[in-house]
Amino acid sequence: EVRGVVQEDMSQRLFPGPFGGHVDYCTRFGGGHGMFVSGMMSANGNNGVGIVGIAPESKLHLVKGLSACFDREDHPVYPIHLLMLYAAGFEIEGWPKNETPSCVINLSLGADGPCPMYLQAIIDVILAKNVSIVVAAGNSRFDARLSMPANCEGVITVGASDFIGQMTEYSNFGPRIDLMAPGGDSGHPIVSLSNLETDAYGLAQGTSMSTPMVSGTILLMQSLNPRLTPAEIKEILVNTTYELPFGCHRGEDACGAGLLNTYEAVASLVGSYYCPAVDQPA
């Protein structure tokens, strides 16, 4: 169910759900994570309502691989690796064909442990189809090499920065981090859409919030050059980051290349660009 403020700010942003229209709507046990992340990526702009997503003209697939609502009987929860293949446009026996394959797969999720061989194999075939996979580093304050799928090869692993641009205390860290993006902190949480109990807005913090900022940036990049490969996209993102204003308090090479710079990442794909606020004669 999507209604109220969420309906207005996500109008025409969602492809019809292949397995039903349920979108993580919970009234008792919690949830709403999927809609929060979705709003950060794709919420409508210039409509006088709510927030604006990083890529407000993008469209999202509704695929449900985790549930905080304990609603598996009413709303089936499918294996994440199958949903990834479906999103990338691979045909799966017994499932409806995905006529609009995704350009980016956002995984604001994780668990402890090594990257499973089967999951790495699936990631490899998805990357070969020029579909980027962006993954949350995790919120356990330990080395991201111990968290999957953040430790899988080829994905873009995102740590969380706080209000002043440092890595947050909760974010996983280490050489597996590619870059960081705002994830909120206790005094400055992220605001997005919420379909938890009432359709309005919510506050949250975590690398789950950092990840859609990178995914949304990739959608903007691909709108200019849809032929970019995942490797090229990662290289651009890494090479256009902001330097951490106070360094990396977790140690050298623990915070990735720096802070996401959406403007520079997108502008790097344009031969020349004009910014009235900067380029206008005095």
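Presented here is an overview of the structure given in this document. (Residues numbered from 1 in each chain as written. Predicted model: local features only at pLDDT ≥ 70, side-chain atom pairs only at ≥ 80, totals over all residues. Heavy atoms only, no water.)

**Considering helix α3 (residues 80–87)**
Inclusion rule: Each residue is assigned to one of three classes by its accessible area relative to the maximum for its type, calculated with a 1.4 Å probe on protein chains only: buried under 20%, partly exposed between the two thresholds, exposed over 50%. Under the scheme used here, helices are H or I runs from DSSP no shorter than 4 residues and strands are E runs no shorter than 2 residues, and both carry numbers assigned from the N terminus. Note on contacts: a residue pair qualifies if any of its non-hydrogen atoms lie within 4.5 Å across the two residues.
Turning to α3, its buried residues number three or more, namely L83, M84, L85, Y86 and A87. At its buried positions, α3 is contacted by β1 (104–107), α4 (117–128) and β3 (132–136). Looking one or two places after α3, you find G89, whose phi comes out positive at around 100 degrees.

**Looking at the state of the cysteines**
For clarity, the threshold we go by: Cysteine sulfur atoms that pair up within 2.5 Å are treated as a disulfide.
Here the structure, examined in full by the defined rule, presents 2 disulfides. The side chain of C115 participates in a disulfide bridge whose partner is C152; the two sulfur atoms lie 2.0 Å from each other. On the sign convention where negative means left-handed, the S-S torsion of about 100 degrees between C115 and C152 marks this disulfide as right-handed. Highlighted residues: C115 in the loop between β2 (111–112) and α4 and C152 in the loop between β4 (147–148) and β5 (156–161), separated in sequence by 37 residues. Between C248 and C255 runs a disulfide, and the two sulfur atoms are separated by 1.9 Å. Taking the sign of the torsion about the S-S bond as the criterion, the disulfide between C248 and C255, at about 70 degrees, is right-handed. Taking relative accessible area as the criterion, C248 reaches 25% and is therefore assigned partly exposed.

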